[in-house]
Amino acid sequence: MEKNQSGVFGEHDTSKPPEVNTFDPSWSDEGILQLEVVSLSKRYPKHLEPYLLQSFPKGQQMFSIIRFTYMVDPYNSCITLSTTRKEPAVIRRAKEFLQLVVHHMPVHLAFTLFTGWLSSDIIKIWRQDGGLCKDIGVSGEQFHERRNLFGDSRDALERLSSCKIIIQSTTIVVIGKSEGIKIVRGMVKDCFVSNESPAPKIRRAERELARKDIEAVRRRLHEKQH
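Scope of this entry: the structure provided in the associated data block. (Residues numbered from 1 in each chain as written. Predicted model: local features only at pLDDT ≥ 70, side-chain atom pairs only at ≥ 80, totals over all residues. Heavy atoms only, no water.)

A word on helix α6 (residues 178-194)
The periodicity of an α-helix, 3.6 residues per turn, causes residues three or four positions apart to be oriented the same way. Compared with an ideal rise of 1.5 Å per residue, which puts 17 residues at 24 Å, α6 spans 23 Å between its outermost C-alpha atoms and is within 8% of the ideal. Looking at the buried side of α6, the elements it contacts are β4 (119-124), α4 (140-152), α5 (154-161), β5 (164-167), β6 (171-176) and α7 (198-225). (Helix = DSSP H or I, 4+ residues; strand = E, 2+ residues; numbered from the N terminus. Expected span 1.5 Å × (residues − 1). Contact = heavy atoms within 4.5 Å.)

What follows is the structure, given as structure tokens:
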């Protein structure tokens, strides 16, 4: 950068040191603020890279609002979140965010964890450690049939639970309120362990909710009349 006629680099006069009115122990002897940065990283599957790079500008913008740096490193297939914030709840949500994204949850949906009123769940459905089908003798063919059976009811279950559900090869990823996630997990377990279709249960639950809504409307009308 070239100096202007007054010997100033750009718009800032570097011939005078900046004024510092107060001193804090977090400042070094050279007057440089020292902040401890927490960085969390997670490797992502290579096939996710085009989406992550495409959505990077929006993700970077969203995270800057909550004082985070969001980076996608295509050379190491890695996502990194960095922040000077220390709140345990915020760090926990950052870890959850990374887990959700590498399990194919869209970045803007995973970011909603930082609202503080949403939760997430990654349900293992195959024979991996903790998987629902690990010890029940389900064959590969039976597993695919049950996964398709669950997939047929996904949209209806999303409406019922108010959750977003991502079905993968061996996991089901869910984000939403805790009560909705509980509903989803129960139906996933019944489907993969007991081979029960979620569809009849969803229809019964929808009828029950409709009945309660009608009763609530009737009560309100009755209260107005009296």
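There's more to say after this.
Regarding the sheet that holds strand β2 (residues 68-73)
In space, the 3 strands of this open sheet follow the order β1-β3-β2, with antiparallel pairing throughout. Each edge of the open sheet is held by one strand with a lone partner, namely β1 (38-43) and β2. Going across the sheet, the axis of each strand differs from the next one's by a mean of 15°, ignoring polarity. Here β1 pairs with strand β3 (residues 78-83) via 6 bridges, running antiparallel. Within the sheet, the bridge partner assigned to arginine 43 lies in β3 and is cysteine 78. (Pairing = 2+ DSSP bridges. Axes fitted to C-alpha atoms, helices over the stretch in contact; angles between N-to-C directions.)

Quick word on the pairing of β3
Of all 6 residues in β3, 6 are buried; the element is thus mostly enclosed. Residues of β3 alternate between two faces, with Cys78, Thr80 and Ser82 on one and Ile79, Leu81 and Thr83 on the opposite face, all of them buried. Sheet topology note: the β2/β3 ladder contains 6 bridges and is antiparallel. Looking across to β3, one finds that valine 72 is bridged to isoleucine 79. Here β2 hands over to β3 after 4 residues, with serine 77 in that stretch at a positive phi of 50°. (Buried < 20%, exposed > 50% of the residue type's maximum accessible area, 1.4 Å probe, protein only.)

Observations regarding the pairing of β5
Two strands pair when backbone bridges link them, and β5 and β6 are joined in this way by 4 bridges, in the antiparallel orientation. What sits directly across from isoleucine 166, in β6, is valine 173. Linkage of β5 to β6, two consecutive antiparallel strands, is achieved through a turn of 3 residues.

Thoughts on the side chain of arginine 93
Residue position: arginine 93 is located in helix α2 (residues 88-102). It turns out arginine 93 is buried and unbridged, and the closest side chain with the opposite charge, glutamate 96, is 6.2 Å from it. Setting aside anything within four residues of it in sequence, one finds arginine 93 in contact with Leu113, Phe114 and Gly116. (Lys, Arg positive; Asp, Glu negative; His and termini not counted. Salt bridge = Lys/Arg side-chain N within 4 Å of Asp/Glu carboxyl O.)

Some words on the packing of aromatic side chains
Across all of its chains, the model carries 13 aromatic pairs by this definition. Seen in terms of ring centroids, phenylalanine 111 and phenylalanine 114 are 5.5 Å apart; in terms of plane orientation they differ by 35°. Their pairing is tilted. Phenylalanine 111 gets classed as buried once you look at its relative accessible area, which sits at 16%. Seen from their ring centres, tryptophan 126 and phenylalanine 143 are 4.5 Å apart, and the 45° between their planes marks the pair as tilted. Remark: phenylalanine 143 occurs in helix α4 and tryptophan 126 occurs in the loop between β4 and α4; sequence separation between them is 17 residues. (Phe/Tyr/Trp six-rings, centres within 6.5 Å; stacked < 30°, edge-to-face > 60°.)

Some thoughts on the packing of α6 against α7
Running from N to C, α6 and α7 cross one another at 150°; their axes reach a closest spacing of 10 Å. Classified by the interaxial angle, the pair formed by α6 and α7 is roughly antiparallel. Here Met187, Asp190 and Cys191 of α6 come into contact with α7, specifically with Pro198, Lys201 and Ile202. A per-class count over the contact of α6 with α7 returns 4 nonpolar, no polar and 2 charged. (Parallel < 35°, antiparallel > 145°, perpendicular 65-115°, else oblique. Nonpolar A, V, L, I, M, F, W, Y, C, P; charged D, E, K, R; others polar.)

Concerning the nonpolar core
If you look at the biggest cluster of nonpolar residues, it comprises 30 residues, and the most contacted ones within it are Leu52, Phe63, Tyr70, Phe97 and Phe114. For this core, the secondary-structure elements that each account for two or more residues are α1 (49-65), β2, β3, α2, α3 (107-110) and β6. In terms of residue count, α2 provides more of this core than any other element does, 8 residues in total. Those residues in contact with phenylalanine 114 that sit more than four places away from it in its chain are Phe63, Ile66, Phe68, Val90, Arg93, Ala94 and Phe97. (Core = buried A, V, L, I, M, F, W, Y, C linked by side-chain atoms within 4.5 Å.)

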